[in-house]
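These are the residues of each chain, in order.
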Amino acid sequence: MFDHACSRRQFLGFAGGLAAVAGLGLAGCGGDTASAGSAAAEGSTVAGTVTYDGASSFQALVEAAAEQFMNDNPDVSITGSGNGSGTGLTAVADGTVTIGNSDVFAETKLEADQCADLVDHEVAVVGMGPVVSKNVTVDDLTIEQLAGIFSGEITNWSEVGGEDAAIYVLNRKSGSGTRATFEAAVFGAGAAESTFKGEAELDKSGDVVTQMGSTDNAISYLDFSHFDDESFTAIKVNGVEPTSENVYDNSFPIWATEHMYCKQDADEATTAFLEYMLSEDVQGSLVEEQGFIPVSKMTVVKDAEGNVSEK
């Protein structure tokens, strides 16, 4: 039961564990994926090389799951990078990696022909929010104020209730899924990237963490898993705290579904690993341990155009 042409996939009810997932046939990208994934979980011989690229926001989750999977399947090698959603989607479409990780739907980054034989696996939900330097006294901004700051219309912290100091905006580079998610929440889906300003554009979430920790009067945005209270402050949006619980029903409005795309004819090792990402071993504990939200806890869904609706 697979959706093709970059269609949305929703994975609910993970409590049944790997057996339930395999029974529903929700894990693969073509071929006998249920048996391949089940065999991997039972420790039988799955062999091969899995490669990935894409979103840095949930690279740590993929790495943690890959380590567990390789411990159970020593003949499988899983390696990859986090060079941004756009890079990962292009790489999986071109066949240079077997999995493309993305904070956004593939159809928002790729042409229709590139999406034609991709299969989407929604493995988690990520909350994202604005972060400010420790010396900044502002702890709450509205969406409208964020739009003013990131468009360059608001340039001093005093304009939003802070001290008289120039705002230093740290942005992510074009192609970042985190950037696309934040931009859509602040400016609305389809806003031109030229609307989004910044004094610096950084490649990865880790780069933002590093620079935020050493820059005064700065603002940027990060996924919840990269929040670091000692280095910077995650602030409220429209009076709502940036917590996973507030994302469940869209009370906190900046979030995205984490996607892992593969080709329909992906090899056995790739399909087995993707099935493992949807198993109870990952969904039941590892997702939340790594700072993400299981899809099963969400009471709303978001489509490729950014529309939010009740499940």
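Per-chain numbering applies: the sequence of each chain, read as written, is numbered from 1 onward. With the structure being a predicted model, the display of local features is reserved for residues of pLDDT at least 70 and the display and counting of side-chain atom pairs for 80 or more, all residues being used for whole-chain, interface and lining totals. With hydrogens and water set aside, each side-chain value is computed from the structure's full complement of heavy atoms.

Caption draft 1: Inspection of the packing of aromatic side chains at higher detail. Centre distance within 6.5 Å is the pairing criterion for rings of Phe, Tyr and Trp, where only the six-membered ring of Trp is used; planes under 30 degrees apart are then read as stacked, over 60 as edge-to-face, and the remainder as tilted. Evaluation of the coordinates by the stated rule reveals seven aromatic pairs. Consider the rings of F224 and F227, whose centres lie 5.2 Å apart with planes at 45°: the pair is tilted. Within the aromatic cluster, the residues linked to one another by ring pairs are F69, F273 and Y276. Between K302 and the ring centre of W255, over which it is positioned, the NZ or CZ distance is 4.2 Å. Note on criteria: charge over ring means Lys NZ or Arg CZ within 6 Å of the ring centre, with the direction from the centre no more than 35 degrees off the ring normal.

Caption draft 2: Spatial organisation of the environment of D164. For D164, the position within the fold is in the loop between α6 (143-150) and β6 (168-172). Exposure classes here rest on a 1.4 Å probe applied to the protein chains alone. A residue is buried below 20% of its type maximum, exposed above 50%, and partly exposed in between. D164 sits in the exposed class, given a relative accessible area of 69%. Taking C-alpha positions, D164 is 10.0 Å from N217, a pair spaced 53 residues apart along the chain. Numbering of helices and strands runs from the N terminus; a helix is a DSSP stretch of H or I covering at least four residues, while a strand is a stretch of E covering at least two.

Caption draft 3: Representation of helix α8 (residues 205-212) within the structure. Among the residues making up α8, those that are buried are S205, V208, V209 and M212. The buried residues of α8 occupy an angular sector of 100° when projected down its axis, which confines them to one face. Note on contacts: a residue pair is in contact if any heavy atoms of the two residues lie within 4.5 Å. Contact partners of the buried residues in α8: β4 (118-133), β6, α7 (177-187), β7 (200-202), β8 (218-223) and β9 (232-234). In this description, the arc belongs to the directions extending from the helix axis to the C-beta atoms.

Caption draft 4: Molecular detail of α6. Of all eight residues in α6, six are buried; the element is thus mostly enclosed. I143, L146, A147, G148, I149 and F150 are the residues of α6 that are buried. Tucked into the core, α6 has its buried residues touching β4, β5 (140-141), β6, α7, β8 and β10 (236-237). Phi for G152, located one or two positions after α6, is positive at around 85°.

In short, shape yes, function no, at least from these values alone.
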